[in-house]
Each structure stands twice: as C-alpha cells, then as structure tokens.
Amino acid sequence: MQYVNENQKEIRVQFIYHSSFLVELPEGYLLFDYYQGELPELDPEKPLYVFASHGHYDHFSTVIFQLIRKYPRTVYILSDDISERLCREAVQEMEIAPPEIRWISPGIEYTFPGFRVEAFGSTDLGVSFLIEAGGRVVFHAGDLNDWCWTHVPLSQNAKMQKDYLAELEKLKGAVLGVNRSPAAVGSDETSAEASGKPGQIDLAMIPMDPVLGKGQSQGPLEFLERIPVKHAFPMHMWERYSVGGEFLAEHPEYWGVFHPIRKDGERFVLKADGTFGLEK
C-alpha cells in the first residue's frame, strides 16, 4: 500500500483517555483503543470504526460492543491476540446482534468506504495501525514503543531497541512508498523520490510512558527522528500529562510537530489548507 497525501480533507482528533483517540473524518469516525473515558455525541448516520491494538486491559474492553446500540453502523477492527470467545460471550450477554468484526495482524490490510488500514507490528502485544483516509495519513502505535526499562539487563533493552527500530523502518517504507512504485522496481533507488510521491503521516499517536523514568522520551524521539510526520501526540501517560511539556523542553526542535496533551477531551483540527490547532 502506498500512502500519499492528495485531495486532503479536514479531520478532527480528540484525546479520550490514556491511549484512546477519536478521529473524525467526513466519511465517519475512527475510535482507537477505547476502554474508558467520556465520548462525545456522534452522528449515528455516520459509520464508526472501533480499533483495538491488543488485549491489554488499558487498550481493550468488551464495553466497546455497547456502542453498537447507539451507533448501528459500528464496525470493529481488532487485533487477533484478543480472545474471540471473550468477544462472542460479551455480545451474547449484551443480547445484541453479532457485530461485524475484522480480525487483524501485522501485514494485513482492509479497505473500507473512505479509508484503508494496514497493520504493523508491536514491541509488545498486538499491532499498530496505519490509515489513509481522505488524503490524510493517520498512525496509532498501540504499544509499539522502545520499552527501555531500568530494571532489566542492558542486553534486553538493546534487543528491544533493535526490534523497535526495525519496525519503524517497515513503517517508514510504507509511508514513503519505497520500492512500491513502477519506478522503483528493478532499480537501486530506495529514496522517497523512487516512489514518485513521497508520503508523510499527518497525525501520529505514540506512547510516552512515565513509568519508564528517564527513558520515557526515547521511543518518541526515535520515532520523530525516523518517521516523516506533521503532527504527533503522546499517549499511554497514565494521567501524567506533564510528560509532553518535558519532552519539548528536552527537544525544542519538535515544537509545532509534537503536541502535548494537557487533559482528557482535548480536541484538535487539521484543516484542508494544512493549518492545525487546538479546537475551542
């Protein structure tokens, strides 16, 4: 899949809680890793696509199946590490019709009206999501991060970093379209130019976990250094919203690209002309 920003449309993104974001497109809504938090009122006439990157309690809950009562056009895109039996039993207990569920794993792509999704790997459980919608490119990392813990051997952290950077290279290749166009086939070109129209992620949601201590900024920094991205948001902060500001104090070169989250419910808008800001 080649990700190219053409015919861009206005999109909105709202931080819900922890690693959950709601992205609003003209064609519908994308809800990521919801397990708790206050959701805004949505247009029931628009489709709602609910993503769960993996089965950890802070990224997935069967409460998401309640949404179909209010929003009948709900579709679920769930990582295949999540228990199918758990989902089936929850739906039966709620006495609702079996919803449409698409199970996804790294390398799998789905196309829906108005957008495409491709799953990438994680350095923990499950997947991360790369989405092209309305000429915009959105990335939700799930638990893909450089989890550099202070209490584990250095060799374990070194392997973690190696795995993380390898996954970022795969992601970068997809975003840039490297070796995916006719111009690149059979040639030695591996630059963004070989794809014809280099891509860029418009909105990225990436973990910044304060539990890592001094290592909380390592994964986000490695991401921003390697992946072409216009706007990035921290997540997985366990309500310690000061970490975003701490990151910018350490790395002021990412002002205007990295946007700290200051509270639940914050809402941002990326307009068709490329202007971006906090929506009041």
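Residues numbered from 1 in each chain as written. Predicted model: local features only at pLDDT ≥ 70, side-chain atom pairs only at ≥ 80, totals over all residues. Heavy atoms only, no water.

Colleague: For this particular structure, what's the right way to read the layout of surface pockets?
Modeller: Regions of empty space are outlined by a rolling probe, equal in size to a water molecule, passed over the atoms. In this structure, the largest pocket occupies an estimated 160 Å³ of space. For the largest pocket, the full set of lining residues is E84, C87, R88, V91, P98, P99, I101 and W103. Every element with two or more residues in the lining of the largest pocket is listed here: α2 (84-94) and β6 (100-104). Here the lining of the largest pocket takes four residues from α2, the largest share from any one element. Of the residues assigned to the lining of the largest pocket, the class counts are six nonpolar, no polar and two charged. (1 Å grid on protein atoms, 1.4 Å probe; cavity = no way out; pocket = protein on both sides within 12 Å on 5 of 7 lines; lining within 4 Å. Points joined across faces, edges and corners; volume = space filled by probe spheres on them. Helix = DSSP H or I, 4+ residues; strand = E, 2+ residues; numbered from the N terminus. Nonpolar A, V, L, I, M, F, W, Y, C, P; charged D, E, K, R; others polar.)

Colleague: Just checking my understanding: could you explain the packing of helix α3 (residues 154-176) against helix α4 (residues 218-226) for this structure?
Modeller: Any two packed helices are characterised by how steeply their axes cross, that is the angle between the axes, and by the distance between the axes. Between α3 and α4, the shortest axis-to-axis distance is 10 Å and the interhelical angle comes to 30°. One element, α3, and the other, α4, form an angle in the roughly parallel class. Relative to α4, the crossing made by α3 is right-handed. The residues of α4 that touch α3, namely those facing Q161, Y164, L165, L168, L171 and K172, are Q218, G219, E222, F223 and R226. Here the residues of the contact of α3 with α4 sort into five nonpolar, three polar and three charged. (Axes fitted to C-alpha atoms, helices over the stretch in contact; angles between N-to-C directions. Parallel < 35°, antiparallel > 145°, perpendicular 65-115°, else oblique. Left-handed = near helix turned anticlockwise from the far one by under 90°. Contact = heavy atoms within 4.5 Å.)

Colleague: Help me out: how do you make sense of the sheet that holds strand β2 (residues 20-25) in this one?
Modeller: Pairing between the strands of a sheet comes from backbone hydrogen bonds, and it takes one of two forms, parallel or antiparallel. Taken in spatial order, the eight strands line up as β6-β5-β4-β3-β2-β1-β13-β14 in an open sheet, and their pairing is mixed. Two strands in the sheet have a free side with no partner beyond their single neighbour: β6 and β14 (276-278). The average undirected angle you get between the axes of adjacent strands in this sheet is 20°. Sheet topology note: the strand β5 (residues 74-79)/β6 ladder contains five bridges and is parallel. By the bridge assignment, S79 is partnered in β6 with I104. (Pairing = 2+ DSSP bridges.)

Colleague: Where do I start with the pairing of β5 in this structure?
Modeller: Every regular strand shows the same layout, with side chains that alternate between the two sheet faces. With six of six residues buried, β5 is to be regarded as a mostly interior element. Burial along β5 is two-sided: T74, Y76 and L78 and V75, I77 and S79, pointing in opposite directions, are all buried. In this sheet, β5 lies alongside strand β4 (residues 48-52) in parallel orientation, the contact comprising five bridges. Each residue of the ladder has a partner; that of A52, found in β5, is L78. Between β5 and its parallel partner β6, the chain crosses via α2, and the hand of that crossover is right-handed. (Buried < 20%, exposed > 50% of the residue type's maximum accessible area, 1.4 Å probe, protein only. Right-handed = clockwise from strand over helix to strand, strands pointing away.)

Colleague: It is not clear to me how the pattern of salt bridges should be interpreted in this structure. Could you clarify?
Modeller: It is possible for side chains of opposite charge to pair when their charged atoms get near one another. Summed over the entire model, instances satisfying the criterion amount to 15 salt bridges. Residues E100 and R102 are paired through a salt bridge, measuring 3.1 Å at the closest nitrogen-oxygen approach. A relative accessible area of 36% places E100 in the partly exposed class. With relative accessibility at 24%, the residue R102 sits in the partly exposed group. Between E279 and R267 there is a salt bridge; the shortest N-O distance is 2.5 Å. Of the two residues, E279 sits in the segment after β14 while R267 sits in strand β13 (residues 267-270), which places them 12 residues apart along the sequence. Connected through shared salt-bridge partners, E10, R12, E24, K46, R267 and E279 make up one network. (Salt bridge = Lys/Arg side-chain N within 4 Å of Asp/Glu carboxyl O.)

Colleague: Looking at this structure, I do not really get the side chain of D146. What am I missing?
Modeller: The residue D146 is located in the loop between β10 (136-140) and α3 in this model. The charged side chain of D146 is buried without a salt bridge, its nearest counter-charge being R226 at 8.0 Å. A polar contact is formed between the side chain of D146 and the side chain of Q218, at a distance of 2.7 Å. What D146 contacts, discounting residues up to four positions off in sequence, is M160, Q161, Y164, L212, Q218, G219 and E222. (Lys, Arg positive; Asp, Glu negative; His and termini not counted. Polar contact = N/O pair within 3.5 Å; in protein donor to acceptor, adjacent residues only side chain to side chain.)

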